[in-house]
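Each chain, written out:
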Amino acid sequence: MTEVISVVAYLILAPFAGGLIDGVGRIVSARMQGRKGPPLLQPFYDIIKLFTKQMFAVNSVQLLLNLSYLIFLAVAGCMLFAGADILMCLFVLTTADMFLIMAASSDSSPFSTLGAGREMIQMMAYEPLTLLMSVGFYLATGSFHVGTIISGEYSAVLFLPGMLVGFFFITAIKLRKSPFDLSTSHHAHQEMVKGITTEMAGPTFAIMNVAEYYEMVLMLGLVAIFFLNKNWWSWPLAIAVCLFVYFLEILWDNVCGRVKWKTLLEGCWIVTLLCGGLNLLILMLIR
Amino acid sequence: MGKLAKSPWLLHYDGSSCNGCDIEVLACTTPVYDIERFGIINTGDPFQADILLITGGINSQSESVVKQIYSQMPNPKVVVAVGICACTGGIFKTCYNIKGGVDTVIPVDVYVPGCAARPQAIIDGVVQALALLEQKRADYAAQRRGVMQEGGIASGADQ
């Protein structure tokens, strides 16, 4: 019963929660730059506006692929919030991203093709750590099952501090924050127009934005399972940590310039190896 | 304010400006003027833009580019001509390669004169464009409903 409620709550509330977090993030980001920033509900105004714009499709398949991106992200999120298999959740998350890459490759814009290529490089950068992380959860708690992971005696982070540091890197890629916003950026003035979203207009782009909010909540949910255990106080702690991680991502976004793809790949793999691999090795020795 | 007026996204294009107005347009995004407080984003993508800001007069080479950018913007959309060169051709009007203001190529909705146009004037022009944008959105929605109704009648006649 709890699973059904949390899945329905995720499906309905995630876009609103994601939009609100994004709204707060944009204000915080503006304050860091000494600006006033947009209204709190700006992300919702943007999405409503995009839905009222002309349906301007370069081909008929892009909307379908974008919808698949949204649906697969929602499915991945549902699996996490239902307490199902974390490994499967991460695989579905990757599948969702493949649909976005296909959507971007389906049009003829060179910028969007370039963005799709970069998105694939980003996937290569973050994928190893997500796999190591699920293995880490298995070693720490004896299960891939999210329901079991969050009902342990101690929080998983006690065994997986390195994984959390690595996951912080990965979250920057997934939330499209600088220095890893190679494929598309929320900021103006990118070197290749808008990357993967260059030829997405109106409703198609709105769907992509809604999907990003589902993804944002999913990523913060993954941060939360590092901290959840069977005690009630772990829930407020996990939410506080999620918000703190998001704040750190904004800070990082503001102090760093965009890196080249090679630096991204090398940086992420080194972090994966040092934080994730070492953490896993130690865990295997002590367990 | 309406749906569009709360979230107008700008596209900035330099027709053949001396860059004076362009620097003023960029100044609008700085902490001093901060256009993002109106929900305005300076996007680089015509597919996602609602307002086209053009600086400088139109020359023979930029003509096709301006037309293409305008055609790539989804409806409803407005065009703001920033600076006297974009309004009329300005000091370059009689040059052999200048066609004149932006309105010689695409329809312009708001003219912001000045050499260079000050950031306050640009923001004022954009805010005036918002009212037009909202009106165009209502017209566009009515037009879309009209087309759908006509389609309904046509399909009814077929039966």
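Residues numbered from 1 in each chain as written. Chains lettered and ligands numbered in written order. Predicted model: local features only at pLDDT ≥ 70, side-chain atom pairs only at ≥ 80, totals over all residues.

Visitor: In this structure, what is going on with the sheet that holds strand β2 (residues 41-43) of chain B? I would like to understand it.
Guide: Residue and element names in this part refer to chain B. Here we have five strands laid out as an open sheet, ordered β2-β1-β3-β5-β7, and parallel in their pairing. The open sheet terminates on both sides in strands that have one partner only, identified here as β2 and β7 (110-112). Neighbouring strand axes in the sheet, compared pairwise and without regard to direction, differ in orientation by 30° on average. Sheet analysis places strand β5 (residues 78-82) next to β7, joined by three bridges and oriented parallel. Each bridged residue has a counterpart across the sheet, and for valine 82 the counterpart in β7 is valine 112. (Pairing = 2+ DSSP bridges. Helix = DSSP H or I, 4+ residues; strand = E, 2+ residues; numbered from the N terminus. Axes fitted to C-alpha atoms, helices over the stretch in contact; angles between N-to-C directions.)

Visitor: It is not clear to me how the pairing of strand β1 (residues 9-14) of chain B should be interpreted in this structure. Could you clarify?
Guide: A regular strand carries its side chains on alternate faces of the sheet. All names here are of chain B. The buried fraction of β1 amounts to five of the six residues, a majority that puts the element mostly inside the structure. By the bridge criterion, three bridges tie β1 to β2 in an arrangement that is parallel. Looking at the pairing, leucine 10 lines up with asparagine 42 of β2. The parallel pair β1 and β2, bridged by helix α1 (residues 20-27), forms a crossover whose chirality is right-handed. Sheet topology note: the β1/strand β3 (residues 51-55) ladder contains five bridges and is parallel. Bridge assignment links leucine 10 to a residue of β3, and that residue is isoleucine 51. (Buried ≥ 20, exposed ≤ 12 C-beta atoms within 10 Å, placed from the backbone. Right-handed = clockwise from strand over helix to strand, strands pointing away.)

Visitor: Please clarify how the interface of chain B and chain A should be interpreted in this entry.
Guide: Many structure descriptions define interface size as the accessible area lost when the parts assemble. Counting residues at the interface gives 19 residues for chain B, matched by 28 residues for chain A. Counting residues per element, the side of chain B that touches chain A draws most heavily on β2(B), at three residues. Split into classes, the residues belonging to the side of chain B that touches chain A amount to five nonpolar, seven polar and seven charged. (Contact = placed C-beta atoms within 7 Å. Nonpolar A, V, L, I, M, F, W, Y, C, P; charged D, E, K, R; others polar.)

Visitor: Looking at this structure, how should I read the confidence of the model for chain B?
Guide: Close inspection of predicted coordinates is inappropriate in any region flagged by low pLDDT. All names here are of chain B. Per-chain confidence: chain B averages 85 in pLDDT, with 90% of residues scoring 70 or above. For residues 153-159, every residue scores under 50 in pLDDT, and the model assigns this stretch zero contacts once sequence neighbours within four places are set aside. In the model output, the complex is listed with pTM 0.89 alongside ipTM 0.83. (pLDDT = per-residue confidence, 0-100.)

Visitor: I keep staring at the packing of helix α5 (residues 110-141) of chain A against helix α10 (residues 261-286) of chain A and nothing clicks. Help me out?
Guide: Between two packed helices, what matters for the description is the angle formed by their axes and the separation of those axes. Residue and element names in this part refer to chain A. Here α5 crosses α10 at 5°, and the two axes come no closer than 10 Å. Judged by the angle between their axes, α5 and α10 are roughly parallel. Residue composition of the contact of α5 with α10, grouped by class: 19 nonpolar, six polar and one charged. (Parallel < 35°, antiparallel > 145°, perpendicular 65-115°, else oblique.)

Visitor: Would you mind showing me how to read the pairing of β3(B) here?
Guide: Residue and element names in this part refer to chain B. Within β3, five of the five residues are buried, leaving the element largely enclosed by the surrounding structure. Residues of β3 alternate between two faces, with Ile51, Leu53 and Thr55 on one and Leu52 and Ile54 on the opposite face, all of them buried. Relative to β5, β3 runs parallel, the two being bridged by five bridges. Within β5, the position partnered with threonine 55 by the bridge is valine 82.

Visitor: Looking at this model, I keep getting lost on the nonpolar core. Mind explaining?
Guide: Nonpolar side chains in soluble globular proteins generally cluster together in the buried interior. In terms of nonpolar packing, the biggest core is built from 81 residues, with Tyr69(A), Leu73(A), Ala76(A), Tyr214(A) and Ile225(A) touching the most fellow members. Among the elements that make up this core, the one with the highest residue count is helix α8 (residues 202-227) of chain A (19 residues). Aside from chain neighbours lying at most four places away, what touches Tyr214(A) is Ala14(A), Pro15(A), Gly18(A), Leu70(A), Leu73(A), Ala74(A) and Gly77(A). Trp9(B), Ile41(B), Ile58(B) and Val102(B) belong to the second largest nonpolar core, which has 40 residues in total. (Core = buried A, V, L, I, M, F, W, Y, C linked by C-beta atoms within 7 Å.)

Visitor: I'm lost on the environment of Asp34(B) in this one. Help?
Guide: If you trace the backbone, Asp34(B) turns up in the loop between α1 and β2. With 19 C-beta atoms packed within 10 Å, Asp34(B) lands in the partly exposed category. Here the alpha-carbon distance between Asp34(B) and Arg118(B), two residues 84 residues apart in the chain, equals 14 Å. Aside from chain neighbours lying at most four places away, what touches Asp34(B) is Arg35(A) and Lys36(A).

Visitor: I keep staring at helix α7 (residues 161-174) of chain A and nothing clicks. Help me out?
Guide: The periodicity of an α-helix, 3.6 residues per turn, causes residues three or four positions apart to be oriented the same way. Residue and element names in this part refer to chain A. Between the first and last C-alpha of α7 there are 20 Å, a value that for 14 residues agrees with the 20 Å anticipated at 1.5 Å per step. Taking burial as the measure, the 14 residues of α7 include 11 buried ones, the bulk of the element. Within α7, burial applies to Gly162, Met163, Leu164, Gly166, Phe167, Phe169, Ile170, Thr171, Ala172, Ile173 and Lys174. Following α7 by one or two positions, arginine 176 has its phi on the positive side, about 55°. (Expected span 1.5 Å × (residues − 1).)

Visitor: So what exactly am I meant to see when it comes to unusual backbone geometry here?
Guide: What you tend to see is this: most non-glycine residues have negative phi, and most peptide bonds are trans. Residues Ser178(A) and Pro179(A) are joined by a peptide bond in cis, for which omega reads 5°. Checked against the element boundaries, Pro179(A) lands in the loop between α7 and α8. Here the amide bond leading from Asn75(B) into Pro76(B) is cis, since omega sits at -10°, within 30 degrees of zero. If you trace the backbone, Pro76(B) turns up in the loop between α2 (60-72) and β5. Positive phi, normally seen in glycine, also occurs at Asn19(B), with a value near 80°. With respect to the helices and strands, Asn19(B) occurs in the loop between β1 and α1.

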